[in-house]
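Reading the structure
The residues making up each chain are set out below.
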Amino acid sequence: MRFRTACSLLALAALPALTAQAAPVRHSASTPPGLPPLEQRDIPTQLPKTVRPVQYALNILPDAEKLAFSGTATIDVDVLQPTREITLNAVDLQIRKASLAALPGDAHPVEASGVRTDADAQTATMAFSATIAPGRYRLVIDYRGKIYQQAAGFFALDYDSAQGRKRALFTQFEAPDARRFFPSWDEPRFRTPYTLTVTVPAGQDVVGNMPAASTHPQPNGMKTITFMTTPPMSSYLLFLGVGEFDRITTRAAGTEIGVVTKRGSGENGRWALSGAAQILPYYNHYFGTPFPLPKLDNVAGPGSSQFFGAMENWGAIFTFENVLLLDPAITSEASRQRIFGVAAHEMAHQWFGDLVTMAWWDDLWLNEGFASWMATKATAALHPEWQPQLDIVDGREAAMRLDSVATTHPIVQHLTTVDQISQAFDSITYQKGEAVLTMMEDYVGADAWRRGVQAYIRAHRLSNTQTDDLWTAVERAAGKPVAAIAHDFTLQPGVPLIRVESAACRGGRTMLALRQSEFSRDRQDKPPLAWRVPVMAASIGGAPARTIVAGGAGSLGVAGCGPILLNSGQTGYYRTLYTPDMLRALTRDYARLKPVDQIGLLADNWSLGLAGYESPSPALDMVDTVPAGANPVLYDRAAGILLQIYNMYDGDPARQAAIAHYASAKLGPVLQQIGWRARPNEPAINAVLRATLIGALGGWGDPQVVTEATRLHANGDKLATSGPLRTTILGVVARNNDPAGWDRLHAEAKAERNPLVRAQLYRMLGAAHDPALAQRALDLALTDEPGPTTSPNIIAAVAAEHPDLAFDFALRNRERVEALVDSSSRSRYLPGLAGGSSDPAMIGKLEAFATRNMTPQSRRPADVAIASIRDRVRIRATRLPEITRWFEAKGR
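Reading the values: the criteria
- Residues numbered from 1 in each chain as written.
- Predicted model: local features only at pLDDT ≥ 70, side-chain atom pairs only at ≥ 80, totals over all residues.
- Heavy atoms only, no water.
- Axes fitted to C-alpha atoms, helices over the stretch in contact; angles between N-to-C directions.
- Helix = DSSP H or I, 4+ residues; strand = E, 2+ residues; numbered from the N terminus.
- Contact = heavy atoms within 4.5 Å.
- Nonpolar A, V, L, I, M, F, W, Y, C, P; charged D, E, K, R; others polar.
- Core = buried A, V, L, I, M, F, W, Y, C linked by side-chain atoms within 4.5 Å.
- Buried < 20%, exposed > 50% of the residue type's maximum accessible area, 1.4 Å probe, protein only.
- Phe/Tyr/Trp six-rings, centres within 6.5 Å; stacked < 30°, edge-to-face > 60°.
- Lys NZ or Arg CZ within 6 Å of the ring centre and 35° of its normal.
- Pairing = 2+ DSSP bridges.
- Parallel < 35°, antiparallel > 145°, perpendicular 65-115°, else oblique.
- Left-handed = near helix turned anticlockwise from the far one by under 90°.
- Expected span 1.5 Å × (residues − 1).
- Disulfide = S-S within 2.5 Å.

Considerations on the packing of helix H25 (residues 803–812) against helix H27 (residues 826–834)
Running from amino to carboxyl end, H25 crosses H27 at an angle of 145°, the nearest separation of the two axes being 7 Å. Contacts between H25 and H27 involve Pro803, Ala806, Phe807, Ala810 and Leu811 from the former and Leu830, Leu833 and Ala834 from the latter. Classifying every residue of the contact of H25 with H27 gives eight nonpolar, no polar and no charged.

Structure below.
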């Protein structure tokens, strides 16, 4: 018998259980052998397993001026077990009414007898007065919600235009914030179709995941748009944008591709549009599965977030303007390449993440690590002149810095809270994920790897997976063991260290004895974990030899008896500790190594030297022997090490002057050779190097560079006012500003009408080396002048130079500062400000902050910052004396 709205609550209690059609049980027929279907696995959930969604129809009415909206969610659900309650996710939503009707065709829904919310669990529970029998039902919820001013849930971004102040609305649901927009089963495994309807002023434009299916005028100057229904997808991928927009389009591989911007900025999206038109056919071919939606937009939002630049909403990527639009006034060559790279990352998600989605956040790396890896692969194929493969070492190093201290975690990690999910977006998930995928592809071979990826997508399209589903598909395609090696690198944390115990020449071959231990910066006495490590070695210019170092030891024969390099090509995720003789031989022949191996060998030995496994001298010897005409990326890495050393001597001006003198003598001639102004037909990589050298030389106060940058800026030279060097020159000026210069920069920021330039100028105010000027920037950040999305970036800019000052300020003004930060990322913001400190006292401050304000499950950002500070203190105490002696020897 069906419920009727006319029944009294007392009568309802006496009615038999609500009944409906039996819900079909869905099974995956395509699950690879060896793994049970997903429905039979223990997938984590924070919601009761009694009900699951089948499809959503959402009707949204925003009130942008009042920063509020009303909505109706019509959700078809399957009730799997008898229940009197339906629990789903909801945050900051006022549920006004909820009703339930059996399907098909029940015209008399019953209203919920009550709704209770749990702020900590982020849930709403609707109670019904009688037991609901298993079957299919329609749940209708009327509610109201908030429009935020930071990028979480449904949020507003304000900007200036020729017509005055404007406001655009967007959504951001990862992770997990769809529950701030509609009551939902806001977990990735619940894939359903979505039909989105929105009513907005007639003069505004709307963007969703799908094209509009209908538009109907409404009274009072409004219109209602209903979008085509999406394929089944996870809640965090839903998107809505509302505002006054331009949309430029092209077609590629049968798909309409668009870039959406605020009105008047459309042409600034041409570079991103042309890049997307290159990338989409490449991905269609690589994945063997065409992009499945009728259109793919990339939507530019003004402002910024402290923790993300873009989001892979299916068919409607959202990207902040400063990461998507090419503005000739400020876009450097590095930024131009970054626009392409970010688009390649987000577009890779359209397959890895959207078409196939992780079942729970434990496997987030399947989205992010793979998209990072795929973006590098696509960029190398489509723009080889940028040499993106040289950047794999940087990504690996970022991961190893986090992975070599006690606060690390496995790639696949157990996540139970919203804070933990938010904190999972780190270098382990992204860069280590990419590095492990690079290593596994090299191990199985590019063709077999691609066949495995294609099989994985075919088997799991429009469904959810776990990491082992990928390893199963690749292992079957490769015909060789994959999962065991992959498990070593994804299910446990840490960095393998391959020690070369001996190297002997026999019959024209070098025989290597290898031992595996573990690289650690803070626990070198701990028993090492065990890995099966794919190791590749080669003599300079020789053929590579391969082995798997398993059980802690291995051996390898390499053709030739000259210098031998392990991890040739830098595809492995491990560090190498050579014998002293081998390292000296490699340093002597450093100029003969391939650029990627020069960069990798330098990075490895610098890290080993700072950690105490060897002296820092070998890495400094490599910096010293960087040859004239070296690859620009190698110069970039050498400059980074010298700037790091310069900053280690903070508070010791005499030592800093000596380092600056050496560094300027090393890199100044390189800048003189390539010049400040671009030359016709120069390689794009030279433009990146030019900016790097000017920034580094200005960073340690090189008099010639600071003087020239100041002159160009003061004279309004075109080089300093627009174009690819504008940001770099302005950065040098901002860092070295005096009070009068800071005031001039502040006046420029207030007068600037270009929102991208304006935000950049305000951030630069926080980059001053003078602590008094940095304090002025902090005070400015808590006024309304910069804008709510720019202010947190000013504070972060101060923290880059003055971490203790920034943290203490943010702590004193915690409530006001955290109001400026994305709600899902607040647990990371304050600890992140302190992470660059070298003051031991900061450790106690962070400990006290974490104890007072963070749960044991959410305090990892504080622990990571503490580990970083301890490591920096240790380096200054134990490694800096050796570095000092090396430079003193050079000075003599």
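Some details on the nonpolar core
Ranked by internal contacts, the top residues of the largest apolar core, which has 242 residues, are Trp185 and Tyr283. Residues Leu765, Leu782, Leu846 and Met854 belong to the second largest nonpolar core, which totals 45 residues.

Overview of the packing of aromatic side chains
Tallying each qualifying case throughout the model produces 41 aromatic pairs. On the basis of an interplanar angle of 85° and a centroid distance of 5.3 Å, the ring pair of Tyr662 and Phe887 is categorised as edge-to-face. In this pair, Tyr662 is assigned in helix H16 (residues 653–674) and Phe887 in helix H29 (residues 860–891), connecting sequence segments 225 residues apart. With relative accessibility at 14%, the residue Tyr662 sits in the buried group. For the ring pair Trp886 and Phe887, a centre distance of 5.0 Å and an interplane angle of 80° mean the geometry is edge-to-face. Both residues of the pair, Trp886 and Phe887, count as buried. Between the NZ or CZ atom of Lys480 and the centre of the ring of Tyr443, over which it lies, the distance is 4.2 Å. The residue whose ring lies beneath Arg575 is Phe519, and the NZ or CZ to ring-centre distance is 4.8 Å.

Side note on the sheet that holds strand E18 (residues 295–301)
In space, the five strands of this open sheet follow the order E16-E17-E18-E20-E19, with mixed pairing throughout. Because the sheet does not close on itself, it has two edges, and the strands there are strand E16 (245–252) and strand E19 (310–311). Pairing of strand E17 (residues 255–262) with E18 involves five bridges; the strand directions are parallel. Across the sheet, Val259 pairs through a bridge with Asn298, a residue of E18.

Section: the environment of Leu642
Within the fold, Leu642 resides in helix H15 (residues 632–648). The buried category is assigned to Leu642, whose relative accessible area is 1%. Beyond its immediate stretch of four places on either side in the chain, Leu642 contacts Val623, Ile659, Tyr662, Ala663, Leu667, Trp700 and Phe887.

Quick look at the packing of H16 against helix H17 (residues 684–699)
One can describe the packing of H16 onto H17 by two numbers: an axis separation of 10 Å at closest approach and a directional angle of 140°. With respect to their mutual orientation, H16 and H17 come out oblique. The chirality of how H16 crosses H17 is left-handed. Contact with H16, carried on its side by Ser664, Leu667, Gly668, Val670, Leu671 and Ile674, involves Asn686, Leu689, Arg690, Leu693, Ile694 and Leu697 of H17 and no other residues of that element. Taken together, the residues of the contact of H16 with H17 break down into eight nonpolar, three polar and one charged.

What about the sheet that holds strand E3 (residues 83–89)?
Pairing is antiparallel across the open sheet formed by three strands, whose spatial order is E3-E7-E6. Whereas interior strands pair on both sides, the edge strands pair on one side only; in this sheet they are E3 and strand E6 (114–118). Strand-to-strand twist in this sheet, taken as the mean axis angle between neighbours without regard to direction, amounts to 25°. Two strands pair when backbone bridges link them, and E3 and strand E7 (residues 123–132) are joined in this way by six bridges, in the antiparallel orientation. Bridge pairing in E7 links Asn89 to Thr123.

Considering helix H2 (residues 270–287)
With 18 residues, H2 should cover 26 Å at 1.5 Å per step; its first-to-last C-alpha distance of 26 Å lies within 8% of that length. Looking at H2, one finds that the buried residues are Trp271, Ala272, Leu273, Gly275, Ala276, Ile279, Leu280, Tyr282, Tyr283, Asn284, Tyr286 and Phe287. Of the residues trailing H2, Gly288 is marked for its positive phi of about 70°.

Things to note about the state of the cysteines
The final tally for this structure, using the stated rule, is one disulfide. At a sulfur-sulfur separation of 1.8 Å, the disulfide partner of Cys505 is Cys561. Because the torsion about its S-S bond is 75°, the bridge between Cys505 and Cys561 counts as right-handed. Placement of the pair is Cys505 in strand E23 (residues 495–506) and Cys561 in the loop between strand E27 (553–559) and strand E28 (564–566), with a sequence separation of 56 residues.

Some points on the side chain of Thr408
Of note, Thr408 is situated in the loop between helix H6 (392–403) and helix H7 (418–423). Aside from chain neighbours lying at most four places away, what touches Thr408 is Leu402, Asp403, Ile428, Pro493 and Gly494.

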